[in-house]
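Residue-level listing of the chains:
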Amino acid sequence: MTSPICSVNYSVIKRREFGYTDYTHPDWTIYVVIAGAFCCSFSDKEDLLQEGDLYIIPPNVPFHRHVTEELTVHFLRFEPGEMPFPIPAGKHHVADLPRLQGTLQMMRQLSKGAEPSDPQLLHHLLFDLLCQCRYERERAPQSLQIVDKTVIRVLDFFHEHYAEKLNMSQIATRFSLSPSGLIFKFRRATGELPARALLSIRLKAAKKLLVDTSLSLSEIAERTGFENAYYFSTVFKKEVGLPPSQYRKTYLI
């Protein structure tokens, strides 16, 4: 079976800032954020890209970009052939992150190793990535905008204190709520439990430390609010799909 993709160039890049903030790529381009954040805009629309976000830019389209937090990204340039659907340009917040990470991990292994037995494998992997974007975009519910000021304040508190031992009952009391009231507000505003939101913040911080530092798993667990290295490793593997050591090996520059 022939892939609809004609050519692919894959790399991982790390930037404190871009050499050129205004740029134009001659090919279709994809950025997938591993760690950090950057702003990118074309067609008069600016987006903030963070971990788990994917950005597709059409060829020969001027765009503006600037790093807001030291950045590590998967970077792909490609030439499509006869596509069965329009390429979904712009920002995508990927819902099925383990699947995306698995696809990108295979791409990275192929780019580092010898020529694959199937020279079209990299093309097929990219096509699968584009199919995932299209599928999720078509079926994604309308994004929630958090308007509950208490929930916003609690989330800000999580971001500032995620390294500490936090008790949800105490947090509820801190914000003049009962534990059930805190859960109700979070579910209504975000669709998830407050403990789940805190876990997501801790895992994001842990991923950044795995990629950007040589800290031990015990040190990372301590800095991100996990009880110990064993518990951190167990939760990380369950949520991310890779043990922390393998995640570091895969995404370390």
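All values reported here derive from a predicted model rather than from experimental measurement.

Q: Please provide a residue-by-residue account of the overall build of the protein, values included.
A: The secondary structure content of the protein amounts to 9 helices and 7 strands. The globule rule puts the C-alpha radius of gyration for 253 residues at 18 Å, and the 20 Å found for the protein is close to it. Seen through its C-alpha atoms, the protein measures out along the principal axes to roughly 60 × 40 × 35 Å. A fraction of 73% describes how many contacts in the protein between residues 6 or more apart in sequence connect residues 24 or more apart. Of the roughly 14000 Å² of accessible surface on the protein, a fraction of 51% belongs to carbon and sulfur atoms. Side-chain charges of the protein comprise 30 positive and 28 negative groups, with the mean position of each set lying 6 Å from the other.

Q: Explain the packing of aromatic side chains residue by residue, including any values.
A: As enumerated under the stated definition, the model contains 15 aromatic pairs in all. Relative to Y31, the ring of F18 has its centre 6.4 Å away and its plane inclined at 75°; by these criteria the two rings are edge-to-face. In this pair, F18 sits in the loop between β1 (5–15) and β2 (22–23) while Y31 sits in strand β3 (residues 28–42), placing the two residues 13 residues apart along the sequence. Both residues of the pair, F18 and Y31, belong to the buried class.

Q: How would you explain unusual backbone geometry if you had to name every residue and give the values?
A: Note: most peptide bonds trans; most residues except glycine with negative phi. A positive phi angle is found at N60, which is not glycine, with a value near 60°. Accessibility expressed as a relative area gives 56% for N60, which makes it exposed.

Q: Quick rundown of the state of the cysteines? Include the residues and the values.
A: Among covalent bonds in proteins, the disulfide is the one between the sulfur atoms of two cysteines. Applying the stated criterion across every chain, the model contains 0 disulfides. With no disulfide of its own, C39 lies closest to C40 among cysteine sulfurs, the gap being 8.8 Å. Take C39: its relative accessible area is 11%, and that puts it in the buried class. C131 forms no disulfide, and the closest cysteine sulfur to it belongs to C133, at a distance of 9.4 Å. Residue classification places C131 among the partly exposed positions, given a relative accessible area of 27%.

Quick notes on the rules
- Residues numbered from 1 in each chain as written.
- Predicted model: local features only at pLDDT ≥ 70, side-chain atom pairs only at ≥ 80, totals over all residues.
- Heavy atoms only, no water.
- Helix = DSSP H or I, 4+ residues; strand = E, 2+ residues; numbered from the N terminus.
- Rg over C-alpha atoms; globule rule 2.2 N^0.38 Å.
- Contact = heavy atoms within 4.5 Å.
- Areas by Shrake-Rupley, 256 points an atom, 1.4 Å probe, with all protein chains shown as cover.
- Lys, Arg positive; Asp, Glu negative; His and termini not counted.
- Charge placed at Lys NZ, Arg CZ, Asp CG, Glu CD.
- Phe/Tyr/Trp six-rings, centres within 6.5 Å; stacked < 30°, edge-to-face > 60°.
- Buried < 20%, exposed > 50% of the residue type's maximum accessible area, 1.4 Å probe, protein only.
- Disulfide = S-S within 2.5 Å.

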